[in-house]
Amino acid sequence: MTYASDVAALARKDLLLELRAKETLPSMLLFVIAALTIFHFALPNGTSDVAARGLLWAALIFTALLGLTRAFVAEREQSMFDALILTPVDRSAIWLGKAIAVLAFLVAAEIVALPAFAMFFHGLNGRTVAAVALADLGICTVGTLFGAMAVAGRARELLLPLLFLPMAIPIVVGGVGGYLWFLVLYDAIFALLSWAAFEYVVSEV
Amino acid sequence: MHLKLPALAAACTGLFGLAVVFAFFYAPADADQGLSQRIFYFHVPLALTSYACFGWGAWKALKYLRGRDERADLESYVAIHQGVIFGALTLLTGSIWARISWGVWWSWGEDELVLFLVLFLFYCAYFMLRFSVDPGPARANMSAVYALFGVVLIPVSFLAIRLSKQFIHPVVFKLQGPQMTGAQFFTFCVCLAAMLTLFATMYAIELAGKRLDCSLRELKELLS
């Protein structure tokens, strides 16, 4: 088994689980549409594009948070962590597989959310879509690592937003401003760090 | 260890006395801001000390991950605890300074203040993480990883805040050297030394207390 096939098998497991149980993705979809509707009423009439775009980012971060909170719940509830750690794969493959699965959910939610945003508000430009794609990478890599930390704690659902939101501030700055190079930098730094650090987070659980 | 702590405390008291005297009587008043500029001698050393705490905490975290030495875990925790205290004081003094010189308690245009808000939020979550996981190697590992993320987040956040900034902040340190007179710079250095010694003293006190707590708990477990 190579590293790539390990990762593919782990990601496939999560996607298959979601396909059968349909727990995470429908709630993410409903949440993002409901959030955009709320934002429509929260903004006064004739608001600028910039303000609306800022709210898109808030909606996306919170939707991602919803998916990340669910990411390790199955492992925790069924005590699957021990089994995963005992399997002869590199621990970082567990992280990468999970991050890919979360990314797939998030992208699926955005495929609905972005056109909905364009319809509800003032349309989209290519730069925003590119920024969303880059931000997704950063959100999923860091979020998966912090999700693994949060499930070990007593107040799981409460802990992840507290850990993750300060980390997401630079993503929002890069996204709202459309600084694509900054998002690439963020993704590269924190993906590498998460990849290296995941082993320590799960090895003693 | 027995001699180090009193010596540190004495040095800290002496330096702090000197710092207060220098900041209020020796350093010349700022032509533009007058008396209120003197808070600079405490605000900036507080901020720098706070960075030093977070850096020290991350260094100890790295040491823990390499050697699995439980003492390094405790040291990392104590350093970050001190860093949050200094960070909160930075926010407070910065806010007071902003009120006096710009007339607002909070200014999103000031990089340092916003950065400290982000760091404050981030490191407060460190305590939430630490206290929601049972003590043991798993908790030590997670705390260490989180502390390392924090120290990487500092420059990244700083860059992000620079990108999003709106108006001008007085830049004191430039590439050509500090934009201060000699007396001001000297006072600043004394204040910074005082603040760093304060950190070292408080760090040593808290660490001694925590270690005592640990050994007491071990003794209790042995007796029961």
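Details of the structure are given in the entry above.
In this text, all values refer to a predicted model and were calculated from it rather than measured experimentally. (Residues numbered from 1 in each chain as written. Chains lettered and ligands numbered in written order. Predicted model: local features only at pLDDT ≥ 70, side-chain atom pairs only at ≥ 80, totals over all residues.)

Report on the overall build of chain B, specifying residues and quantitative values.
Each helix and strand in chain B was counted, giving six helices and two strands. When the backbone C-alpha atoms are referred to their principal axes, chain B occupies close to 65 × 45 × 30 Å. The contacts of chain B with a sequence gap of at least 6 include a subset with a gap of at least 24, amounting to 76%. (Helix = DSSP H or I, 4+ residues; strand = E, 2+ residues; numbered from the N terminus. Contact = placed C-beta atoms within 7 Å.)

Can you tell me about the interface of chain B and chain A, naming the residues and giving the values?
Between chain B and chain A, the contact holds 25 residues from the first and 25 residues from the second. In terms of residue class, the side of chain B that touches chain A is made up of 21 nonpolar, four polar and no charged. (Nonpolar A, V, L, I, M, F, W, Y, C, P; charged D, E, K, R; others polar.)

How would you sum up the nonpolar core? Please name residues and give values.
By size, the foremost hydrophobic cluster in this structure holds 126 residues, and its most contacted members are Met149 and Leu163 of chain A. No other element matches the 15 residues that helix 7 (residues 126-152) of chain A contributes to this core. Leave out the neighbours within four places in its chain, and Met149 of chain A touches Leu163 and Val201 of chain A together with Leu129 and Met142 of chain B. (Core = buried A, V, L, I, M, F, W, Y, C linked by C-beta atoms within 7 Å. Buried ≥ 20, exposed ≤ 12 C-beta atoms within 10 Å, placed from the backbone.)

Could you give me a rundown of unusual backbone geometry, with the residues and numbers involved?
Positive phi outside glycine occurs at Lys22 of chain A, with the angle close to 50°. Following the sequence through the fold, Lys22 of chain A ends up in the loop between helix 1 (3-21) and helix 2 (24-42). Lys22 of chain A gets classed as exposed once you count the C-beta atoms within 10 Å, which come to 10. The backbone of Arg68 of chain B shows a phi angle near 55°, a positive value even though the residue is not glycine. Since 14 C-beta atoms lie within 10 Å of it, Arg68 of chain B is described here as partly exposed.

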